[in-house]
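Report on the structure
This is what each chain is made of:
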Amino acid sequence: MNYPIWQLDSFGGGLWIILIAVFHVYIAHFAVGGGLFLVLVERKAEREGNPAMLDYVRGHARFFLLLTMVAGSITGVGIWFAIGLLNPGATSILIHTFVFAWAMEWVFFLVEIVSLFLYSFTFGQMVGWKHRVLGWIYFVAAWMSLFLINGIIDFMLTPGTWPQDNNFWSGFFNPSFWPALCFRTFLSLIIAGLFGLVTATWLKEARLRTSMVRFCARWLLLPFALFAASAWWYRMALPPDVQELIFQRMPSMHPFFNGMLIGSPILVVAGLLFVFRLPAALSRILALALLVIGQLYIGCFEFIREGGRRPYIIREVMYATSILKKDLDRIQDQGILAVAKWVQHREITAANRTAAGRELYNLLCLSCHAIDGPVRDIKKLAAPFTPSGLDAMISGMHLFHPAMPPFAGTAEERRALAAFIAEALNGRRDPEPVELAHKEIEMAAFDPENDPYVLVAWSPVGMNNVAQVEGLLSLLPPGSELRAQLIKRGETPEIVNQGVNLNWALDQGAGGAGAAAASGEMMAEDDWFVASNIKLLPEHGAGFDPYPVLRLEARDENGNLLAITKVVLPVSTELGCSSCHGTSPELGDRPGLGRETAFNILAVHDRLSRTALLRQARQGIMVRCNDCHADAATRGTPDQLNLSAALHGFHVNFLKDRGRRACDLCHPSAPTGRTRMSRDIHASLGMDCTSCHGVLEDQALELLKKEQQQGKLHAQQLMRRIAPHAMASIEAVKPRAAWVQQPDCLHCHVDFQAPETDQLIQSWTSDAQGLYRNRTDDGGRLFCGTCHSSPHAVYPADNPYGEQLDVLQPLQYQRNRLPLGSNRTCWVCHTVDMEDEMHHANSLRDFRTE
């Protein structure tokens, strides 16, 4: 952040470190173990009086010299060059903290160079123990270099108490120092055996070749038990949170664990094979193959060690973004563009938004991600996201992607970064505001002077949301419900449910449902009629229509028409899944759940929850979320969160501090979308989702707290990451049962009066009977929905496809848009003027607004 940027793009993402460092580490470990190998083989040759073996040592020493001193030195300098440009901040900390350790390491490295040159070029001139002394000097100096570098490298992984005391010794002799030193020492010996096999298998004299191959094989095999023990010690020395991070929370590490687990037996078995006499050609091929496997083996280890530092470059000290942990809060408050030294744009405007986003990318992402490159390609990783979706992802990425540091910047900077990646790099955009077609509906007839019946119908939910890909994934399966009441008009109106047949049919279009779902019969209940599982969908040949209109007819047993009416049965597939989980061709430019979206969701679920749902779906077995996560109609699995708690409790981590916008990103409530489900009087008064339901943070905590009471452990894990909004603490949050405890109208409308507040906080219905859709008048027979219509569409509702759509029945029966019977239109059902408030208090007052 305080240094100029090394602009790499395709070659970014740590590619240079990977190419240089893994190769250098391999050679560096060979440089340690190989020094001991030379000395002991030379001693063996002299003890056995074997000049041919001594010649082998001389040749191996020349090979050793060229590889370690030339390739090793060049790649060592390359590492310094790369880290100095990629992360100069961390490099500066390492230099300033361990300046004397580095100076000592360079002294030992100088001793290595001199002693190895003397050792290599004095074969035949110095003999016996005097010559071997040079080899021992080299080995001790090489091991001391390992000793010193090990302390510095493992300081980055386990700095111990250094962040608190800044003491050289506590940083150097950190918690993982000794096990790491043993691990690397034994690994050095193993690698020396691998390189020894390569040179030994090319010996021409068969007897010597066999002898040396077997010697190298034993050299490879003997340290393995100690190596495995030190590896376990190394793991146990890591702090518990680092162990959890590496071995549980980072699935990306699994391929590297598997690489080491597979590589270990391969090396052992191959070493055992070399104990037996193999044909020369086969032994050479096998030796070279083992050399490559050894390179991959140590590469896997280095990837695991590097991954264990994430999201830091120096754990608990500096993030991978080169931002010090102690500075994060200040930078998040002031903005990274305001405090960074090498930026051009200090403020974000409409004109420079893309350029500022690019600078933010350079500062925060470039050190770990490439653009169109082979390592952590940001375009590939961000491909599923729209700008808003990526903005949400960046908000909570550090919570479920432990390799990612918290975003260091303001909300405006976060949006600019998301826009640069999603729009400028991937060409994805947020949905544009949609201009909706106006629907004209012919009103059903009603003669207030002569018609004896009033037929009223409504949807018990404000919007039936559907998210299902047939044969693949079912999150919210299709199936709407329609309720109706038939009232015989009179001085004392009667609710009729016997000797009557009620049928429904699509009034216009096909609603995308086809002939099988275009009509149906309603079944009589106690005082009402119901049609369940009406599988209407908004997609059809003419476009997208979330408000199909149904025509209802009531006939007596002889088929005589008693009453007709029309009603909207709202249904939408316009959920925001595709904003974060990728779009699908069949969705076009609409949000929703498509096939590719579903596959991506299942892949994420598998990665975070260690399931195998993607494989199940690819095998043709449909994944139904409610098989595990209970919904309003199913029991699910007892130890799993219910579907509402799981969805809200997880996604809140990415949608904090967004208010109503958090709702719009997932639900079809956005005022610019095709559905716009919030269409009743409350919306017209400036209220939004959060006015009744509360903000997402509070909703999630209420649901999770109820699940926690039922002993579901995952609820507590999710709650730890959420801070309440309207309450002072989590303890003050009241638990709420999903689908049963919903906003209570009478919290605001006390005694059915005009409300004194427009905010409903933790006031819920006590049980399902208290829900608006199930509540009745004082007489206990007439549903609230009969006169006031559906949730989210209570009269006078204003439908985005036409102001008459959600008020078809008030317009039919009383020629206005108000609740049935309001403003003394009791004559709709009562044939005499009403003087008493029969249904509820204040029912005879004038309606306060349209």
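Below or above, wherever it landed, is the structure these notes cover. This structure is a prediction, so every number in the text was calculated from the model and none was measured. (Residues numbered from 1 in each chain as written. Predicted model: local features only at pLDDT ≥ 70, side-chain atom pairs only at ≥ 80, totals over all residues. Heavy atoms only, no water.)

Here we come to the pattern of salt bridges. Taken as a whole and judged by the stated rule, the model has 28 salt bridges. The partner of arginine 414 in a salt bridge is aspartate 391, and the shortest N-O contact between them spans 2.4 Å. On the criterion of sequence distance, the pair formed by arginine 414 in helix H19 (residues 411–425) and aspartate 391 in helix H18 (residues 387–400) is long-range, its members being 23 residues apart. What makes arginine 414 buried here is its relative accessible area of 14%. Exposure remark for aspartate 391: the relative accessible area of 8% places this residue in the buried category. Connected through salt bridges with shared partners, the residues Arg184, Glu302, Arg305, Glu306 and Arg309 form a single ionic network. (Salt bridge = Lys/Arg side-chain N within 4 Å of Asp/Glu carboxyl O. Helix = DSSP H or I, 4+ residues; strand = E, 2+ residues; numbered from the N terminus. Buried < 20%, exposed > 50% of the residue type's maximum accessible area, 1.4 Å probe, protein only.)

The next point concerns empty space enclosed by the protein. Considering all chains together, one arrives at three cavities of 30 Å³ or more under this definition. In this structure, the largest cavity encloses a volume near 180 Å³. Lining the largest cavity are 15 residues, and of these Ile5, Leu86, Ser322, Asn362 and Ser367 sit closest to its centre. Listing elements by their share of the lining of the largest cavity, those giving two or more residues are helix H2 (51–86) and helix H16 (353–364). Of the residues that constitute the lining of the largest cavity, the class distribution is eleven nonpolar, four polar and no charged. Taken as a whole, the second largest cavity holds about 90 Å³ of empty space. Lining the second largest cavity are 17 residues, with Val567, Val568, Ser789, Ser790 and Asp806 positioned closest to its centre. Only strand E3 (453–458), strand E15 (561–568) and helix H31 (808–814) provide two or more residues apiece to the lining of the second largest cavity. In terms of residue count, the dominant contributor to the lining of the second largest cavity is E15 (three residues). (1 Å grid on protein atoms, 1.4 Å probe; cavity = no way out; pocket = protein on both sides within 12 Å on 5 of 7 lines; lining within 4 Å. Points joined across faces, edges and corners; volume = space filled by probe spheres on them. Nonpolar A, V, L, I, M, F, W, Y, C, P; charged D, E, K, R; others polar.)

Across all of its chains, the model carries 50 aromatic pairs by this definition. Between phenylalanine 173 and phenylalanine 177, the ring centres sit 4.9 Å apart and the planes meet at 70°, which makes this aromatic pair edge-to-face. Among the aromatic side chains, those forming a connected cluster through ring pairs are Phe98, Trp143, Phe147, Phe155, Trp162, Phe168, Trp169, Phe172, Phe173, Phe177 and Trp178. A cation sits over an aromatic face here: arginine 235 above phenylalanine 247, 3.8 Å from the ring centre. (Phe/Tyr/Trp six-rings, centres within 6.5 Å; stacked < 30°, edge-to-face > 60°. Lys NZ or Arg CZ within 6 Å of the ring centre and 35° of its normal.)

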